[in-house]
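Okay, here's what each chain looks like letter by letter:
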Amino acid sequence: MIVGIDLGTSTSLIAAMKDGVPTLVLNERGKTITPSVVGFSETGELLVGETAKNQAVAHPDRTIQSIKRIMGTDQRVTLVGKEYTPQEVSAMILSKLKKDAEAFFGKEVTEAVITVPAYFTDAQRQATKDAGEIAGLKVERIINEPTAAALAYGFERQGDTATILVYDFGGGTFDVSIIKMVEGAFKVLATSGNNYLGGDDYDAVLMDWLFDTFKQKEGIDLREIDDDRLKLSIRQRLREAAEKAKIDLSTLLETNINIPFLYSTGDDPKHLDLNLSRAQFEQMTRHLVDATREPVEEALASAKLSTDQLDAVILVGGTTRIPSIKKFVREVLGKDPMSDIHPEECVAMGAAVQAGVKQGQLDNIVVVDVAPYTLGIEVIGDRFSPIIYSNTPIPCSQKRRYVTTTDYQQEATIHVLQGSHKKASRNKSLGEFVLTGLSAKSKGEAVVEVVFDYDVNGIVNVTAIDRETGAKENITIKQSKDRMSSEDIEQSRKSMASMSSGDRMDDDVADMSEPARVPVPAGAKREKSSAMIEAEFYIQDAKNLLMSKGDRIDAVKREEVEQVISNLEEAMTEWNDSQIDVLSDKLLMLLSDIDV
């Protein structure tokens, strides 16, 4: 059986298709929502969900929350003296959801579609997939949360045509996606977001306020006390009080925060008892609401849409229940959000719809997502050369040819990056990919075709092909410290079981240096500046695009691109690096803005 899972920062849900409709699973407490909290009891029993959350104040050192915020990193968490990766902790949550679904449907669950924030990086997506495998699930698809929400919206409206903006504000992340729905076909037009902005940040603001208020009242800074265990317990009590106040103020104009016996000095117990108004809360968290404006505007600009061209706005995530957020969305977008979409449940429901598509139950639904980031390579001088641009429909593929620069070169590496900054070092490294088994020839004669594939899960894969023999070589990805090996996944899976509680563009040719530094355009002289080398990449990309898709490009836009190419080539003949930089940036902007 295949299920859809919303693996959230604060809470998680699981659903599946039943009798032709997406159906949410009820957990052992009869609820659809399970807290994304993991812990161990004093007897060493694994606790997941409500039971783990309930012990957080008494045993904060035995409890982990918001693990999603460190997915895709090399950070570890410690529980009862043992270190765990974020993937392993997430797998504990997934395993619990899997068991709930098996009890609910009476069938074995073997496959899953798991949702992630649209702005999750390759490392974060891969970590999520690893977590599913550790939990004993074959992850059939990683799907973006806003896309899943749109699927839930469109499932009952399959005959409609609409342009939807999904405003997804969850516990740990914020995303905005613009999606075109045409009679059961869903095409993502643009996406933007912030992986470190969510409901947890609202809680953190309120916690700081509570700490400061207690300090002003009692003269004691609870953040600086010496007893680490007591400090953790106090922090957890304040966190729960902050979360409760946030939720209360979604429906009340004022709430009381009462935490008795928060601290004591000798025989003098200290209590915290104060009122907080919605107006105060909105004032102290205004910067968090404002931080969502730029991603919304970026998504609209990338989709080339104005707000009056939107047919519907969907709010996703528990944080969107905050009245100031609803007010902000109305002000910015000029329309009321849909009221018949459940913000906490729609992502899991949409994931179930996608699971139904994967299972062949819903042949009339098609989903086309986009790459959230630009993907490219490092070139000489710490410069970034884009290959696959952000908001390109996925799956997509791009290939380039490289030639060796040393005699009888057997292997080479290239540095693959994710981002949009001109400096390679300012973008996120996806790793160094080792190309092995190259033809043993003099420098400049061996040609290797490297293909970058962006799959439907938003995960990057690389293949190398020797141009002379046609033989394919799998590229060895050097295991980064934040990614688990297949052996690590299998070992974690065993431990978990024992615990049991698009279009191709024409290619161009470039040199590739042996020690894995940088591809350099074929024929480039060593004395050429890095600006000139990068400009050659941009010019070739632009010419390839005009040749392959020129008839689909707006005539005015095409003429503008051709003029910039001409000006750039002239600047290169004059060796004018400053002008080359300016024109290269302009050409890059034009290429990124073309929608074909």
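Residues numbered from 1 in each chain as written. Predicted model: local features only at pLDDT ≥ 70, side-chain atom pairs only at ≥ 80, totals over all residues. Heavy atoms only, no water.

Caption draft 1: Structural detail: the pairing of strand S1 (residues 2-7). Taken across its 6 residues, S1 has 6 buried, putting it largely inside the fold. Burial along S1 is two-sided: the residues Ile2, Gly4 and Asp6 and Val3, Ile5 and Leu7 are all buried. Note: S1 against strand S10 (residues 111-116), 5 bridges, orientation parallel. Looking at the pairing, Ile5 lines up with Ile114 of S10. Pairing analysis gives 4 bridges linking S1 to strand S2 (residues 11-18), with the strands arranged antiparallel. Each residue of the ladder has a partner; that of Asp6, found in S2, is Leu13. (Buried < 20%, exposed > 50% of the residue type's maximum accessible area, 1.4 Å probe, protein only. Helix = DSSP H or I, 4+ residues; strand = E, 2+ residues; numbered from the N terminus. Pairing = 2+ DSSP bridges.)

Caption draft 2: Broad picture of the layout of surface pockets. One number sums up the size of the second largest pocket: a volume of about 900 Å³. If you trace the second largest pocket, you find 42 residues lining it, with Ser10, Thr11, Gly318, Thr319 and Glu344 closest to the centre. Sorting the residues of the lining of the second largest pocket by element identifies S2, helix H1 (50-54), helix H5 (199-218), helix H6 (228-248) and helix H10 (323-333) as the ones contributing at least two each. Looking at the lining of the second largest pocket element by element, the count peaks at 4 residues for H6. Tallied by class, residues from the lining of the second largest pocket come to 10 nonpolar, 17 polar and 15 charged. (1 Å grid on protein atoms, 1.4 Å probe; cavity = no way out; pocket = protein on both sides within 12 Å on 5 of 7 lines; lining within 4 Å. Points joined across faces, edges and corners; volume = space filled by probe spheres on them. Nonpolar A, V, L, I, M, F, W, Y, C, P; charged D, E, K, R; others polar.)

Caption draft 3: Broad picture of the sheet that holds strand S6 (residues 46-48). Pairing is antiparallel in the open sheet, where 3 strands are placed in the order S6-S5-S7. Each of the sheet's edge strands pairs with one partner strand only, and the pair in question is S6 and strand S7 (63-65). Adjacent strand axes in the sheet meet at a mean angle of 15°, parallel and antiparallel pairs treated alike. As paired elements, strand S5 (residues 37-40) and S7 share 3 bridges and run antiparallel to each other. Bridged to Val38 within S7 is Ile64. (Axes fitted to C-alpha atoms, helices over the stretch in contact; angles between N-to-C directions.)

Caption draft 4: Spotlight on empty space enclosed by the protein. Quantified by volume, the largest cavity comes out at close to 70 Å³. Where the lining of the largest cavity is concerned, the elements lending two or more residues are helix H2 (86-105) and S10. In the lining of the largest cavity, the residues fall into 6 nonpolar, 6 polar and 1 charged.

Caption draft 5: Inspection of the environment of Phe40 at higher detail. Along the chain, the position of Phe40 falls in strand S5. Look at Phe40 and you get buried, because its relative accessible area is 6%. Linking Phe40 and Asp61, residues 21 residues apart in sequence, is a C-alpha distance of 9.4 Å.

Caption draft 6: Fine view of the packing of aromatic side chains. Per the stated rule, a full pass over the model turns up 8 aromatic pairs. With a centroid separation of 6.2 Å and 25° between ring planes, the pair formed by Phe40 and Tyr84 is classed as stacked. Here the residue Phe40 occupies a position in strand S5, and Tyr84 occupies one in strand S9 (residues 82-84), the gap between them amounting to 44 residues. Geometrically, the ring pair formed by Phe104 and Phe105 is edge-to-face, given 4.9 Å between the ring centres and 90° between the ring planes. A relative accessible area of 15% means that Phe105 is categorised as buried. Among the aromatic residues, those joined into a cluster by ring pairs are Tyr167, Phe169, Phe174, Tyr202 and Phe281. A cation over a ring is seen here: Lys68 above Phe120, with NZ or CZ 5.9 Å from the ring centre. Geometry around Tyr153 places Arg157 over its ring, the cationic atom sitting 4.1 Å from the centre. (Phe/Tyr/Trp six-rings, centres within 6.5 Å; stacked < 30°, edge-to-face > 60°. Lys NZ or Arg CZ within 6 Å of the ring centre and 35° of its normal.)

Caption draft 7: Representation of the sheet that holds strand S21 (residues 393-394) in the model. With mixed pairing, the 6 strands of this open sheet are ordered in space as S17-S12-S13-S14-S18-S21. Unpaired on one side and paired on the other, strand S17 (312-316) and S21 mark the two borders of the sheet. As defined by bridge partners, strand S18 (residues 366-370) adjoins S21 across 2 bridges and the pair is classed as antiparallel. Residue pairing in the sheet places Val370 in a bridge with Pro393 of S21.

Geometric values such as these leave the question of function open.
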